[in-house]
Amino acid sequence: MERPTVRVFPFADHQPIEVPGDARDPEWDFVYVADGEAHKNHRTLLEAWRELATQGLKPRLALTLGPRDAALARAVDALRTRTGAEVYNLGQMSHHQILLLYRRSRALIFPSLLESFGLPLIEAEQISLPILAPERDYVRDVCTPAQTFDATSAHSIASAVRRFLDQAHPAIVPYSPADFWEALLDGVPKDS
């Protein structure tokens, strides 16, 4: 017996999403449209923004956390206060407001550890908004990201952000044995 072919059409009309506005001067560098469920991985994303801020890079990140995510929203405020990181919670938004937010952003960042569908990825892809996302099957099933990262590593997320912004972190250059010895001796008091 022949197996039937199953096709899934989440957007059956296949029309591109029309987003009003002008993206020439975006207000936000990155947007993350997600609630605060643990698998959405906000804590690792905030740690990446802490790392970037301590290195002097402060891209503007908009989050959409709702009322039940109050503890996470407080963590966002604390991070901004402690480090000057440019991360803000805009609160829960309607779908129309989300579409406008995409237009006011340079890219979607999506560090979720797992998804059953990933609607923001599809929406961003449909309006040609660049996407930074984990190198995971659920991502590649619905879009082609501009940058990928390891979602379990704040450093990897920060590195993807730097690459996207053309702000590559300089590579670590190890000391030569002679330079190491000289640096070591520079810290030793000299005999008079």
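Residues numbered from 1 in each chain as written. Predicted model: local features only at pLDDT ≥ 70, side-chain atom pairs only at ≥ 80, totals over all residues. Heavy atoms only, no water.

Draft legend 1. Examining the layout of surface pockets more closely. Of the volumes computed, that of the largest pocket is approximately 170 Å³. Considering the residues around the largest pocket, the lining is formed by 14 residues, among which Val33, Tyr102, Leu119, Pro120 and Glu123 are closest to the centre. Every element with two or more residues in the lining of the largest pocket is listed here: α3 (95-103) and α4 (119-126). Residues belonging to the lining of the largest pocket are distributed by class as follows: 8 nonpolar, 3 polar and 3 charged. (1 Å grid on protein atoms, 1.4 Å probe; cavity = no way out; pocket = protein on both sides within 12 Å on 5 of 7 lines; lining within 4 Å. Points joined across faces, edges and corners; volume = space filled by probe spheres on them. Helix = DSSP H or I, 4+ residues; strand = E, 2+ residues; numbered from the N terminus. Nonpolar A, V, L, I, M, F, W, Y, C, P; charged D, E, K, R; others polar.)

Draft legend 2. Here's a closer look at the packing of helix α1 (residues 42-54) against helix α6 (residues 154-164). The contact between α1 and α6 brings their axes to 8 Å, and the two run at 60°. The orientation of α1 relative to α6 falls into the category oblique. Once α1 is placed against α6, the crossing between them reads as right-handed. Here α1 contributes Thr44, Leu45, Glu47, Ala48, Trp49, Glu51 and Leu52 to the contact with α6, which in turn contributes Ala154, His155, Ile157, Ala158, Val161 and Arg162. Of the residues in the contact of α1 with α6, the class split is 8 nonpolar, 2 polar and 3 charged. (Axes fitted to C-alpha atoms, helices over the stretch in contact; angles between N-to-C directions. Parallel < 35°, antiparallel > 145°, perpendicular 65-115°, else oblique. Left-handed = near helix turned anticlockwise from the far one by under 90°. Contact = heavy atoms within 4.5 Å.)

Draft legend 3. Representation of the packing of α1 against helix α2 (residues 70-83). Contact geometry of α1 with α2 gives a least axis separation of 10 Å together with a crossing angle of 5°. Taken as axis vectors, α1 and α2 run roughly parallel relative to one another. Contact with α1, carried on its side by His42, Arg43, Leu46, Trp49, Arg50 and Ala53, involves Ala71, Leu72, Ala75, Val76, Leu79 and Thr83 of α2 and no other residues of that element. Residues that form the contact of α1 with α2 fall into these classes: 8 nonpolar, 2 polar and 2 charged.

Distances and angles like these do not, on their own, reveal function.
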